[in-house]
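# Structural description and commentary
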Amino acid sequence: MPSFLPLDPAACGLTAELSTDIQLLNRLLGEVVAEQADGEDLVALAQRLYLDEDNPDAAAAPLAELGEPRTVERLLRAFTVFFQLLNTAEQKEIIRVNRQRGVEASKEGAAPRAESIRDAVRKLKDAGLSADEVQTLLKRVLVCPTLTAHPTEARRRAVMDKLQQIAWGLARHGEPAGLPRLDAPLTDGGGAEAELRRTLLALWQTDEVRSTAITVDDEVRNGLYFFEHTILQVVPWLHDDLRSALSEHYPGHEFEILPFIRYRSWVGGDRDGNPNVTPEMTWRTLIRHKQLIVRHYMETVDRLRPDFSQSSGLTQPSGELLASLKEDAARVSLPAKRLARYAHEPYGLKMLYIQARLQATLDHLAGLGDYRQEGPLFVARPPAYEGSLELLADLQLLQRSLAQDHAVPLAEQGELSHLVSRVRTFGFRLASLDLRQHSEQHEAAVTEILQAAAAIPDGRLYSELAEDERLRLLTREVLNPRPLIPRGWECGSDTRHVIDVFEVARRAQRYLSPHCTETYIVSMTHGVSDLLEVMLLAKEAGVLRWRMEGEKPVLESDLDIVPLFETIEDLQQCEELVRRLFANPAYRAQLNARKRFQEVMLGYSDSNKDGGYLASNWALYEAQTRLARVAKTAGVSLRFFHGRGGTVGRGGGRANQAILSQPAGSFSGQIRFTEQGEVISFRYSLAPIAHRHLEQLVSAVLIAGADQPSRKAAPHNWMDAVRKMAEQSRSAYRGLTYEDPDFWTFYRQATPIEHIRRLSIASRPVFRPGRNIEGVGNLRAIPWVFAWIQSRHLFPGWYGLGRSLSWFGEQSEENEALLRRMYRDWPFFRTMIGNAELELARADFPTARRYAARVRPVEVGERIQGVLEAEYALTREWVLRITGAPDLLDRGKVLRGTIALRNPVVAPMNRLQVMLLDSTAQGQSSEGTEAEDPWRDALLLSIIGVAAAMQSTG
């Protein structure tokens, strides 16, 4: 039977191993599709479309077979599955290459694998850092990946599960014959390939498009899946890596390794623009977090217990362990048979008691159904653990006794050590859940509260006050310990939802874990009042409290309040805003209550949509520099939270390079960043991929944390050059996107934006509720980028850059030479140009022209497409002039090879999508409704397919 497509991966420069995997999957897909009804015709049609792309006349001609919706759907499914398989093969290749590099690095005298933790510690040693200096560094580094539920994952969970099985099958298929495998029959009989084929058949027969809209519950389950399947497994590996690297490069020194990775989540807590994230939903999410981690600990202990069967007749357990067993016997009731079974196995018995206490902790959670309830039943009673520190104490007691009992490897290596690392890292919270809401919602709630309390004497509404008046009023009320809301007060449902979130936070911190939710993020922070409003609401719920310390009132606060600066204007003005915030007496009390710590979130997505690629990057860079200066002057410890998306147009790119290119003096050793949608599934579907992702982050944080104190700021003339170019770029970008009256017409017709919002990929609406959608401004950043990727323009990742580079570089030869020097010696500029180069290479303007040809009036489509093509050519020219390379990605031959393989296969899918956009438009203009459109499902499938092909949605 034929392969699905006539491909030659090796001719694209791909490795022999990857080429073999691609050809295997290509063949199996061809066989599976051909065996289905009319499958051979479908394979032949796919191959015709693929080969026609080399013939412009044939590519422009319609195929008779494409007149039937079912045929087009099945054809799109075949292309989509092909790209899903290709993505899986590339993941497996990443693992293979890194394993091979690890093998080479393990040879005596060999350099460590690049960007590994071992590599970072070696660099610290080579830089002359002493063991004490490394210890100081370790105490302040912290990586906080933050999982979000932004609408960027177009694939169903069932599809991702099968792709994971295919990755495992590829790994088994690639093993040399004759390996002494203990999990397979002696006679293989082609088992690995047969299993791959069966999984591929199941994948082929699984719907790509969800039949129902995704709910917040679905999003929470999806997020927890990655904790359960990879994150909990991988984090202890990183602790092992660091321990081993320190031992190698600083022999004889004992290091205290604190948790250096802590996960956060927005899934179930981010209510900005999503009315489906209710207080009840947040409460259920927090309980699920704790249930998952407690259940994980309990299952791990159950699995470990048989390994700790040491007899008291052959070992000498510590007196501390024996005393603890007596205490356990007094508070934990176990069946007599089980006690007798472990009478002479003290370590196994201790684990049995631990397991029983974890079960009691889990049982307690079952009764916490309604966050509005409160009282004795909400308090965990013995034998349940009161907190994770009690569990940690039990496990560390076991370690101490084992070490004293001459069993150091059992204590400090393997699963018990891994469990200790997990408990220290994840506690009973799993991932601290951030709470986020739009500043307008707080303003509305505070307006209603202050009106009910008659807090404004002249009867005006809070929303009518100027900023200075708001600050005086809010400061006075926050500093006043008495509540504003009377008992039993009935307010509007919107205000109740805002207030109740703080009630959820208070109860969760008291009854679930003090660290289960620690941060409240304010979207679209424009003024100091936006933060003080949150303080007032938190005080009303008891999350902020005043207590007397002698005769002095002291504020206690259970939440970090985090401003989110998203637009170019807000990023430019945030320095003055934060300076005034730190000077406010109410907020000074908040800072003191939170140990002089402040987190600030920077929005990459909206700033890019607001001002374009270069202006956004520069505004973010300058904001970090200025905010770091303000914090240092105020004596505040500052951590930046980077709201990065998966694509370059939303702050994507290699995270470790972004860490290393931060402004001098802006990095404290701690960093937070969002991980979204398909980025999560790519990085966390397979444990070795997650391991590589995290080791690169930790490696970069260690190096940047050690380097920051001595790093010099970029020369003033460099920064002045980028500042001027950013102004030019922003002017060019906004001149098209916001000021050209025809741009919105072009965008709506030259991209599938109208259909992206119909995909069941998120619980949050594509457009902000209640806003006019006739313009770019009120469109969310993710679908904005998603649509440009589909049409192959990839506009947000480069537009405006060429105009600004040429404007500056053409002024003089010295300026052009300066751009090259900045690229060579300035990590920020090099990373920015490199990311734009990637988007230029991924764009495909012959395909983009097909989308632009749909625009009516025709002259609008031709004019704006001409503007885009001219800017693309200019940007490409200047990127190559700066890098000195003959072609895009000249130094990234592997990546260039994958693009060369993909582009000819993506093009037929884009061709089909354009056809479907035309068919759907005709259907909508007729009497039939959208639900009756026979082409609708095929169009949605084309969007999913192109997303898989481009490995990106938004």
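Structure report, in brief. (Residues numbered from 1 in each chain as written. Predicted model: local features only at pLDDT ≥ 70, side-chain atom pairs only at ≥ 80, totals over all residues. Heavy atoms only, no water.)

## Considering unusual backbone geometry
Worth spelling out the cut-off: Numbering of helices and strands runs from the N terminus; a helix is a DSSP stretch of H or I covering at least four residues, while a strand is a stretch of E covering at least two.
Here the bond from Pro-382 into Pro-383 is cis, since omega is 10°, no more than 30 degrees from zero. By secondary structure assignment, the location of Pro-383 is in the loop between helix H13 (346-365) and helix H14 (388-404). Cis geometry marks the peptide bond from Arg-856 to Pro-857, where omega comes out at 0°. The backbone of His-406 shows a phi angle near 65°, a positive value even though the residue is not glycine. By secondary structure assignment, the location of His-406 is in the loop between H14 and helix H15 (408-412).

## Some thoughts on the pattern of salt bridges
Note the following rule: Salt bridges are defined as contacts in which a side-chain nitrogen from Lys or Arg sits within 4 Å of a carboxyl oxygen from Asp or Glu. Partly exposed describes any residue whose relative accessible area lies between the buried limit of under 20% and the exposed limit of over 50%, with all areas from a 1.4 Å probe on protein chains only and scaled to the type maximum.
This model, assessed by the stated rule, comprises 79 salt bridges. Residue Glu-35 pairs with Arg-197 through a salt bridge whose shortest N-O separation is 2.3 Å. Residue Glu-35 is found in helix H1 (residues 16-35), and its partner Arg-197 is found in helix H8 (residues 191-204); the two are separated by 162 residues along the sequence. A relative accessible area of 42% means that Glu-35 is categorised as partly exposed.

## Focus on the packing of aromatic side chains
What counts here: By convention, a stacked pair of Phe, Tyr or Trp rings (six-membered ring in the case of Trp) has centres within 6.5 Å and planes under 30 degrees apart, an edge-to-face pair has planes over 60 apart, and any other such pair is tilted. Each ring is checked for a lysine NZ or an arginine CZ that lies within 6 Å of its centre and within 35 degrees of its normal; such an atom marks a charge sitting over the ring.
This structure, assessed with the given rule, holds 38 aromatic pairs. Grouped by ring-pair contacts, the aromatic residues Tyr-733, Phe-743, Trp-744, Tyr-747, Trp-784, Trp-788, Phe-795, Trp-798, Tyr-799, Phe-845 and Tyr-872 constitute a single cluster. Directly above the ring of Trp-204 sits Arg-77, whose terminal nitrogen or CZ lies 4.7 Å from the centroid. In this structure, Arg-881 packs its charged tip against the face of Trp-878, placed 3.9 Å from the ring centre.

## Focus on the nonpolar core
Heads up, the condition is: Within this scheme, the nonpolar core is defined by two criteria: the residues are buried Ala, Val, Leu, Ile, Met, Phe, Trp, Tyr or Cys, and they are joined through side-chain atoms within 4.5 Å. Contacts are assigned to residue pairs with any non-hydrogen atoms lying within 4.5 Å of each other.
Grouped together as the largest cluster of nonpolar side chains are 125 residues, with contacts concentrated most on Trp-784, Trp-826 and Phe-829. Here Phe-829 is in contact with Val-722, Met-725, Leu-805, Leu-819, Met-822, Tyr-823 and Ile-882, once residues within four sequence places are set aside.

## Re the environment of Glu-599
Cut-off, in case you're wondering: Counted as a polar contact is a pair of N or O atoms within 3.5 Å, where, for protein atoms, one must be capable of donating a hydrogen and the other of accepting one, and residues adjacent in sequence contribute only when both atoms are in side chains.
Considering the arrangement of structural elements, one finds Glu-599 in strand S9 (residues 597-603). Take Glu-599: its relative accessible area is 1%, and that puts it in the buried class. A C-alpha to C-alpha distance of 5.7 Å links Glu-599 and Leu-638, two positions 39 residues apart in sequence. Residue contacts for Glu-599: discarding those within four places in its chain leaves Thr-519, Ile-561, Val-562, Pro-563, Arg-639, Phe-641 and Arg-672. Of the polar contacts made by the side chain of Glu-599, one reaches the side chain of Arg-639; its length is 2.7 Å. For Glu-599, the side chain forms a polar contact with the side chain of Arg-672, separated by 2.7 Å.

## Remarks on the pairing of strand S4 (residues 435-438)
The two faces of a sheet get side chains in turn, since along a regular strand they alternate between them. For the record, the criterion: Think of it this way: DSSP has to see at least two bridges between two strands before they count as a pair.
Burial along S4 is two-sided: the residues Leu-435 and Gln-437 and Arg-436 and His-438 are all buried. Sheet analysis places S4 next to strand S5 (residues 519-523), joined by 4 bridges and oriented parallel. Along S5, the bridge assignment pairs His-438 with Ser-523.

None of this, on its own, says anything about what the molecule does.
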